[in-house]
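Take a look at the letters that make up each chain.
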Amino acid sequence: MKKFYTKRFSLICAFAASALLLGGGCSEDETEPVIGSKGVSSEVFVSSDAGTRTIKVETTGPWQARLTPDTKLWVSVDGADSGETGGSFTLNYRTNNSLPRKGTILVSSARQQVIDTIYLMQYGTAPVLAFLSEGKKYSSVEKIDSIAIDTNIPLSKKIYWTVAYDENSAAEPWADSVSYAQDYKYFRFRIADNKNFESRAVRFCLWFRDDWGEDHATYFTAYQGIPGGTPETREVTFEELRGLIADAEGEITLDQDIAVSGVVVSDRTSPNMGELTMPKAATRPDQGINDRTAYMQNADASLGIKLLTTDASQNNLERYNKLKLWCKGLTLTKRSNPERYTLSGVTQDHIVTKESGTAEELPAKRRFIDQLTDADIYTFVTLKRCQMAIRTGRFAPVYINYMNSFNTTYPNIVLDSHGEMIHLMTNTGCPWRFDEMPDGQGTIAGVIVHEKYTPFVQGGDIGRYQIRNLTREDIALEEAEDNAFSKVAVEWCPNGSGKGSGNVREYVRAKYPHLPQPEDPTATNAHGMTASSGSGRSFMSHGGWLAWGGSYRARADGKDIGSTSWGHAQLWNKAENTGYSLIFEFSTKGITSDKCSFVFCGRNYIGQGGLRYWTAEYSLDGNNWTKLLDYTMPDQGNWGAMQLEQLTGDKVVSMKVPSEIMNKEVAWIRLRAAQDKIGTSTTYDSATTDSSGKAKCAFVVNYAALRYNK
C-alpha cells in the first residue's frame, strides 16, 4: 500500500469568489437562547438573509454585551446593550452573500468576572474548492504543469496546501515550484526527472477551514513513470483507460502494457452481484455470472468499472480490496446511454497487487436518486431518504420455481423524498429475497448499475440506473413507517388479502354514463374492492363482478396466495373499439402535498393471453382524463417455452401524480386497456381478445396506494 509523506505550507488564497445564496435547505434556529453570568458559550444559527435576533439575559446584577471587531462588520446591537439586572438585547445582522460566517458576542458581568459567549452562526454560500482532475500520469521527463481549480473562497481567506510523496520517493523532494497561475485559476508545479527506474507518486492537497470550523479539501495525484526502455507496466487512470475507446460504443483487446488501480466495491461471496437475465427464449440464465462479477472504483469514487473473470474460481476479490490490475490482454467494452465500461477476461494472473481495506477508507457517496449520473455507474453509492414503494410486500414477489430457474432476478421499486424512483435488484440466491420489506424510510447502499429486465417490458428498459446491494444490511430502512417522509392517503389490500363489497352496478351507470358499459344491461351482480385505509373503492368501468386472482407479494415461501387480487378478463369493448378500465375512486380531502405517487402491484392471471398494453390516467371530475403513464403487463411464464417477456410473479408499477389531485372530495385514477393485443404461449402481442372482448387471462391488482410526502 502506498504511503504518502507530507510537508505542510500555507498561502493566502486569492481566488475569484462566486455569490450563490444558500437555498431553502438552511433554516434559522428558532430556539431562543438564554444566557447569564455562567461563563458558558452558545451557538445561534440564522439564515443567510438579513434579520434580527433577540438574546435573553438572566442575571441578578449589571451586564454588558460587546461585539468583537470582526463581528461589528456585519452585526449591530439594536437598542440597549447593557442592563442592571436580567433583560435582553437585540442583534441586527446583514445579508450574507459569501461563505458561512461566525460572529462573536461577549456578555460580561459589571466587573467582567464572568463572560458568556454567543457565537452567531450565519448560513451562506457553500464553500467550493476542487481540482478539476483527480490525477494525471507523467513520463519520467521533467515537466511543468498546471491543473485547473474551481473555488469560490474569498481573497481574504487562508488556504493551505500540502505535498505528500509516496514511500518510494519521500527521502528527496522532487515536486516543487508550487504557485498559482492565470489569476489563481490554476495550480502550478514542476516535477523533476525520474532517474531511479521506479515509478513514484506525489499528492497535492488544497485545504480550507471555514468560519464554522468545517474542513474542505481537494486532492490531485501526479503519477510519474520510470525511465523508458524497461518492460515494466505503466499505470493509467480510469479516465485514460476509458479514453482508449473514442467512439460512443466499442470493444477492444488491450495490447498496451498498462495497469489500473482502484478499490473493489463488490464481494465474491455476495449472491447479488451479477445480472441474471435470460439470454434468449427458453434458455435459463447463466447464474454462474454472479460469481464472476466484480466492481472496482477509483480512489475518489468518481468513476467505476465492471470486472468479469473467466470463471468463478478466478474471482478472489473481496469488498474494500485495494487492487492494481494488469490490463494487457483484457477486453475493454464500452456501452452508451448510459456510458459504462467492462473489463472481461480477468484472471488472478492479472492482479499486480491486492491489499485489504476497510469501509472507513471508502469515500462516502450519498445521493438522492435524481443526483445520479453516468459517472456513478459501477461505484458504491448510498441513496438518501428512501422508502419501498409498496408496503408489506416481498423483495422478490416471484414464484419460487421460476425464480430459481428463469426469472432469476427481480427489480422492486424504491422511492425517495424528492419524488424519484429506482429499481432495487434482488437475485435468486439472496437469502432475503422473500423477506417482508420494511415500511419505513432510511438509506439503501449498493453498486449503481444499468441493467435490462425484459419480463417487465419488451426491450427491458426499466430506467437509466438501478442499484444492487451487497448484503441485507445495506438496506437500512426502518421497519415501521412512523418516521417516513411519505404517508398513505388511501390504500387497498396492504396485508395481502381482502374482499369485495358493495354493489356498484347502478353507481357506475348513474355516475359514469360516458364509460363503456357491459353489453348485458340486465346484469345485476357487481361489486368493488373497498379501500383498506382512507376513503375509496375500486371497480371495473363496466360494473362487472370482479374476478379474483392470486399474488406472490405477501408469502414468505415464494408461492401463490389465492383470492388476494381483483380485476377482470372482460377488457375490450369490440363495438366501440376501446378498452375498459379498473377504476380507483378516492377522497383526498384535507390532505395537501407537493409530491404524491400512485403505485400498484399486479399481473395477468393466470397463464398466457393477458392484455398487453395499458395506460394509467387520473381525473378530477370523472369526465376528463389525463395520462400518467403507459405501461405493459407480462404474461405468466410458459415453463416449456419460457419467453423473455414472461414473468411468473407480480409486477410493481409506480408513477408520479400531479399534486392537484390532493385535497379533493373525490378524485379518480384508472388503469385503462390501451390496445386490443394479447400474448400467446410463445409470442408477445400477436393475438387479440375474443369476439366478446374477453382476454384469456384476467388483469388483476393485489395492492394499490396513493402516497404523498408529509
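> I would appreciate a short explanation of the overall build of the chain in the present structure.
Tallying secondary structure elements over the chain gives five helices and 49 strands in all. When contacts within the chain are restricted to residue pairs at least 6 apart in sequence, those whose partners lie at least 24 apart make up 74%. With the model as given, the accessible surface of the chain reaches about 29,800 Å², and the carbon-plus-sulfur share is 47%.

> Please clarify how the nonpolar core should be interpreted in this entry.
Soluble globular proteins tend to pack their nonpolar side chains together in the buried interior. Counting residues in hydrophobic clusters, the biggest one holds 52 residues, and the most contacted among them are Leu 383, Tyr 410, Ile 422, Leu 424 and Ile 444. Taken together, the elements giving at least two residues each to this core come down to strand E29 (380-388), helix H4 (400-405), strand E30 (409-416), strand E31 (421-427), strand E32 (442-449), strand E34 (475-477), strand E44 (596-605) and strand E49 (694-709). Listed in part, the 42 residues of the second largest apolar core include Ala 489, Trp 566, Ile 591 and Ala 667.

> Looking at this model, I keep getting lost on the side chain of Asn 427. Mind explaining?
Turning to its location among the elements, Asn 427 is positioned in strand E31. Here the side chain of Asn 427 touches Pro 271 through a polar contact of 3.2 Å, landing on its backbone oxygen. If we ignore the near neighbours within four places in the chain, the residues touching Asn 427 are Pro 271, Asn 272, Met 273, Gly 274, Leu 276, Asn 290, Met 403, Thr 408, Thr 409, Arg 433 and Arg 468.

> Help me understand the packing of aromatic side chains in this model?
Between two aromatic rings, the relevant description is the distance of the centres plus the angle of the planes. This structure, assessed with the given rule, holds 29 aromatic pairs. The interplanar angle of 80 degrees and the centroid separation of 5.3 Å between the aromatic rings of Phe 45 and Trp 212 together place this pair among those described as edge-to-face. Placement of the pair is Phe 45 in strand E3 (residues 41-46) and Trp 212 in the loop between strand E17 (200-209) and strand E18 (215-224), with a sequence separation of 167 residues. With a relative accessible area of 22%, Phe 45 lands in the partly exposed category. For the pair Tyr 399 and Tyr 402, a centre-to-centre distance of 6.4 Å together with 45 degrees between the ring planes defines the contact as tilted. Look at Tyr 399 and you get partly exposed, because its relative accessible area is 23%. Put simply, the rings of Trp 492, Phe 584, Phe 598, Phe 600, Trp 614, Tyr 631 and Phe 699 touch in pairs and so form one group of aromatic residues. A cation over a ring is seen here: Lys 102 above Tyr 119, with NZ or CZ 4.8 Å from the ring centre.

> What should I look at first to understand the sheet that holds E3 in this one?
Sheet strands line up and pair through hydrogen bonds in the backbone, either parallel or antiparallel. Taken in spatial order, the five strands line up as E3-E10-E9-E5-E7 in an open sheet, and their pairing is mixed. A single partner strand is all that each edge strand has here, and the edge strands are E3 and strand E7 (82-83).

> How should I be thinking about the confidence of the model for the chain in this particular structure?
In low-pLDDT regions, the fine details of the predicted coordinates are not to be read closely. On average, the chain scores 87 in pLDDT, and the residues at 70 or more come to 87%. Note that pLDDT drops below 50 for residues 7-31; the model gives that stretch 63 contacts with residues more than four away or on any other chain.

> How should I be thinking about the environment of Ile 475 in this particular structure?
Position of Ile 475 relative to the elements: it lies in strand E34. Separated by 38 residues in the primary sequence, Ile 475 and Met 437 place their C-alpha atoms 9.5 Å from one another. Setting aside anything within four residues of it in sequence, one finds Ile 475 in contact with Phe 395, Leu 424, Trp 432, Thr 443, Ile 444 and Asn 469.

> Just checking my understanding: could you explain the side chain of Asn 709 for this structure?
By secondary structure assignment, the location of Asn 709 is in strand E49. A distance of 2.9 Å separates the side chain of Asn 709 from the backbone oxygen of Ser 417, its partner in a polar contact. With sequence-adjacent residues up to four places away left out, Asn 709 is seen in contact with Ser 417, Phe 485, Ser 486, Ser 593 and Lys 595.

> Even after reading the chapter, I still don't get the pairing of E49, so can you show me in this structure?
Looking along a regular strand, one sees the side chains alternate between the two faces of the sheet. Of all 16 residues in E49, 14 are buried; the element is thus mostly enclosed. Direction of pairing for strand E35 (residues 486-492) relative to E49: antiparallel, over a ladder of six bridges. Paired with Trp 492 across the two strands is Ala 704, which belongs to E49. Bridge analysis of strand E40 (residues 561-570) against E49 gives four bridges, and the strand direction is antiparallel.

> What is the right way to read unusual backbone geometry from this model?
Outside of glycine, negative phi angles account for most residues, and trans bonds account for most peptide bonds. Of note, the amide linkage connecting Asn 337 to Pro 338 takes the cis form, showing an omega dihedral of 5 degrees. Cis geometry is found at the peptide bond from Tyr 605 to Ile 606, where omega equals 0 degrees. Backbone geometry at Ala 301 places phi at a positive 65 degrees, although glycine is not the residue there. Within the element layout of this structure, Ala 301 appears in the loop between strand E22 (293-297) and strand E23 (304-309). Classification of Ala 301 as buried rests on a relative accessible area of 1%.

Thresholds, definitions, all that
- Residues numbered from 1 in each chain as written.
- Predicted model: local features only at pLDDT ≥ 70, side-chain atom pairs only at ≥ 80, totals over all residues.
- Heavy atoms only, no water.
- Helix = DSSP H or I, 4+ residues; strand = E, 2+ residues; numbered from the N terminus.
- Contact = heavy atoms within 4.5 Å.
- Areas by Shrake-Rupley, 256 points an atom, 1.4 Å probe, with all protein chains shown as cover.
- Core = buried A, V, L, I, M, F, W, Y, C linked by side-chain atoms within 4.5 Å.
- Buried < 20%, exposed > 50% of the residue type's maximum accessible area, 1.4 Å probe, protein only.
- Polar contact = N/O pair within 3.5 Å; in protein donor to acceptor, adjacent residues only side chain to side chain.
- Phe/Tyr/Trp six-rings, centres within 6.5 Å; stacked < 30°, edge-to-face > 60°.
- Lys NZ or Arg CZ within 6 Å of the ring centre and 35° of its normal.
- Pairing = 2+ DSSP bridges.
- pLDDT = per-residue confidence, 0-100.

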